[in-house]
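Tertiary structure, described
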Amino acid sequence: MTDRSPYSARLGRIPVSRRSVRTGESLTTYWEYGSPGDHPTIVMVHGFRGDHHGLEPVVAHLEGFHILSPDIPGFGESEPMKAVHDIDGYAAWLNDFVSAVDLPEPPVVLGHSFGSIVVSAALARTPLRAPRVILVNPIAAPALAGPRGILTRLAVFYYQLAAWLPERLGFALLRNRAIVRVMSETMAKTRDKGLRRWIHNQHDLYFSAFGNRAVVLEAFQASVGNDVSEFAADIVDRTLLIAADQDDITPIAAQHVLVERFPDASLEILPSVGHLIHYEVPEQAAGLIRSFLEVPA
């Protein structure tokens, strides 16, 4: 396997368009897969430091769906918000985005990792409604309480150091390829050398695509300072949690506690994978999504 995506053939069969829409005082860039006539529509929200590319392997296995996948504000090709990039800011942005794309009916909403917190906060704290909700690798408990809390504490120090350093040095630290590789090696669980190489390449390409230092520091604080459990009880929409048994960020026991906090939720656990469900087992994730939405393959 080379640096070419193992999912490119499937993805190439799906029509895609790059679009932009104004959300509040900033511009959000998003990718539309499929056509508006396809059903159902899913709005996908990616995780911290990533962009829409990260969820494309899942998109590749959802041919026939209509999918809108934005870069969240301050990452990828979307402009930073004028507001602080905290969880309330991102929740308001998601509500604004769904309103701005003016869909004929409420979409299914999916969030991965930090995106799971953004989606949950938006459903709990804004007028956003969804017929179904899907949270992949949901952040079920405070990151510092995870099975590798020591690594999270090191990450906190890393981002604090980047904030304390002069602008140029802090920016260089945040984009240091060696540190990005350590993060990637830690998260990847697959033993397939080719797939690991491709995952590392994806992180090299897209893990440092942020607008400025302030954005990434604010978003990091939002990612470790909040979790889905804060919002679960207020999410009345039917919800699917897709978790992983080797996730270093959230212990599997916390996922079992989390699902009980929702009024109407179910939990699926994928084996032998960690926090990169979207990269390592997207076909299995897509199968669970199809079943949950009652859409046959």
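Below is a summary of the structure that appears in this document. Given the structure is predicted, the values throughout are model-derived calculations rather than measurements. Sequence positions are assigned chain by chain, starting from 1 and proceeding in written order. Where local features are concerned, this predicted model is filtered to residues with pLDDT of at least 70; where side-chain atom pairs are given and counted, the filter is 80 or more; whole-chain, interface and lining totals use all residues. Each side-chain value is derived from all of the structure's non-hydrogen atoms; neither hydrogens nor water enter the calculation.

Remarks on the layout of surface pockets
Cavities and pockets are defined on a 1 Å grid built over the protein atoms alone: a cavity is a set of grid points where a 1.4 Å probe fits but cannot escape, while a pocket is an open set with protein on both sides within 12 Å along at least five of seven lines, and lining residues are those with an atom within 4 Å of any such point. Grid points are joined across faces, edges and corners, and a volume is the space filled by probe spheres set on the points. When its volume is computed, the largest pocket comes out at roughly 1000 Å³. Lining the largest pocket are 44 residues, and of these Phe48, Met183, Met187, Phe207 and Ile249 lie nearest its centre. Within the residue set of the lining of the largest pocket, elements represented by two or more residues are α4 (114–125), α5 (149–164), α7 (177–187), α8 (193–206), α9 (213–225) and α11 (277–280). For the lining of the largest pocket, the element with the highest residue contribution is α5, accounting for seven residues. Classification used: nonpolar for Ala, Val, Leu, Ile, Met, Phe, Trp, Tyr, Cys and Pro, charged for Asp, Glu, Lys and Arg, polar for all others including Gly. Along the lines of polarity and charge, the residues of the lining of the largest pocket split into 23 nonpolar, 16 polar and five charged. Think of it this way: any DSSP run of H or I at least four residues long counts as a helix, any run of E at least two long counts as a strand, and we number them from the N terminus.

What about the pattern of salt bridges?
What makes a salt bridge here is a side-chain nitrogen of Lys or Arg within 4 Å of a carboxyl oxygen of Asp or Glu, nothing more. The tally for this structure, following the rule as stated, stands at 10 salt bridges. The closest approach of N and O atoms between glutamate 63 and arginine 13, which form a salt bridge, is 3.4 Å. With glutamate 63 in the loop between α2 (56–60) and β4 (66–70) and arginine 13 in the loop between α1 (8–12) and β1 (16–23), this pair connects stretches of sequence that are 50 residues apart. For every residue, the accessible area obtained with a 1.4 Å probe (protein chains only) is divided by the maximum for its type, and the residue is called buried under 20%, exposed over 50%, and partly exposed between those limits. The class for arginine 13 is partly exposed, based on a relative accessible area of 48%. Of the charged contacts, one joins aspartate 237 and arginine 129 as a salt bridge, the two residues approaching to 3.2 Å between their closest N and O atoms. With aspartate 237 in the loop between α9 and β7 (238–244) and arginine 129 in the loop between α4 and β6 (132–136), this residue pair connects regions lying 108 residues apart in the sequence. On the accessibility criterion, arginine 129 (35% relative accessible area) is partly exposed.

So, α8
Under the 1.5 Å per step criterion, the end-to-end length of α8 is 20 Å for 14 residues, consistent within 8% with the ideal 20 Å. Judged by how many residues are buried, α8 sits mostly within the fold: 10 of 14 residues are covered. When we look at burial in α8, the residues that qualify are Gly194, Leu195, Arg196, Trp198, Ile199, His200, Asn201, Gln202, His203 and Asp204. Note on contacts: a residue pair qualifies if any of its non-hydrogen atoms lie within 4.5 Å across the two residues. Structurally, α8 contributes buried residues whose contacts are with α2, α7 and α11. Of the residues flanking the start of α8, the one acting as N-cap is aspartate 192, its side-chain oxygen 2.9 Å from the backbone nitrogen of glycine 194. Under the convention used throughout, the expected extent of a helix is 1.5 Å for every residue step, that is, one less than its residue count. Polar contact criterion, stated in full: a pair of N or O atoms within 3.5 Å, where within protein one must be able to donate a hydrogen and the other to accept it, and residues adjacent in sequence count only if both atoms are side-chain atoms.

A short note on the sheet that holds strand β3 (residues 41–45)
Should DSSP find at least two bridges between two strands, the strands are taken to pair. The eight strands lie next to each other as β1-β2-β4-β3-β5-β6-β7-β8, forming an open sheet whose pairing is mixed. Either end of the sheet is taken by a strand with one partner, and the two such strands are β1 and β8 (265–270). Here the strands of the sheet are splayed against their neighbours by 20 degrees on average, with no regard to which way each runs. Pairing of β3 with β4 involves three bridges; the strand directions are parallel. What sits directly across from threonine 41, in β4, is histidine 66. Helix axes use the C-alpha atoms of the stretch in contact, all axes being lines fitted to C-alpha atoms, and the angles between their N-to-C directions lie in the range 0 to 180 degrees. Contacting β3, β5 (108–112), β6, β7 and β8, helix α12 (residues 282–293) runs over the sheet at an angle of about 165 degrees to β7.

Points about the side chain of asparagine 226
Within the element layout of this structure, asparagine 226 appears in the loop between α9 and β7. One polar contact links the side chain of asparagine 226 to the main-chain carbonyl oxygen of alanine 222, over a distance of 2.9 Å. Beyond its immediate sequence surroundings of up to four residues, asparagine 226 is in contact with Ile87, Ile117, Ile139 and Gln221.

What to know about the nonpolar core
Residues belong to a common nonpolar core when they are buried Ala, Val, Leu, Ile, Met, Phe, Trp, Tyr or Cys residues joined through side-chain atoms within 4.5 Å. In terms of nonpolar packing, the biggest core is built from 59 residues, with Phe75, Tyr90, Leu94 and Phe114 touching the most fellow members. In this structure, phenylalanine 75 is in contact with His46, Phe48, Arg49, Gly50, Tyr90, Ala209, Phe210, Val215, Val216 and Ala219, ignoring residues within four places of it in sequence. Within the second largest apolar cluster, 39 residues are counted, among which are Ala60, Ala188, Ile277 and Leu293.

Considering the environment of glutamate 32
Position of glutamate 32 among the secondary structure elements: in strand β2 (residues 26–33). Residue glutamate 32 is classed as buried on the basis of its relative accessible area of 8%. Sequence spacing of glutamate 32 and valine 295 is 263 residues, and the spatial spacing of their C-alpha atoms is 19 Å. The contacts of glutamate 32, once residues within four sequence positions are left out, are Pro15, Val16, Ser17, Arg19, His66, Ile67 and Leu68. A polar side-chain atom of glutamate 32 sits 2.6 Å from a polar atom in the side chain of histidine 66.

A look at unusual backbone geometry
Residues other than glycine predominantly adopt negative phi, and peptide bonds predominantly adopt the trans conformation. The amide bond that connects histidine 39 to the next residue, proline 40, takes the cis arrangement and shows omega of 0 degrees. In this structure, proline 40 sits in the loop between β2 and β3. In the Ramachandran plot, aspartate 102 falls in the positive-phi region, its phi being about 50 degrees despite a non-glycine side chain. By the element assignment, aspartate 102 lies in the loop between α3 (87–100) and β5. Owing to a relative accessible area of 63%, aspartate 102 belongs among the exposed residues under this scheme. Even without glycine at this site, asparagine 137 takes up a positive phi of about 45 degrees. Take asparagine 137: it is sitting in the loop between β6 and α5. On the accessibility criterion, asparagine 137 (0% relative accessible area) is buried.

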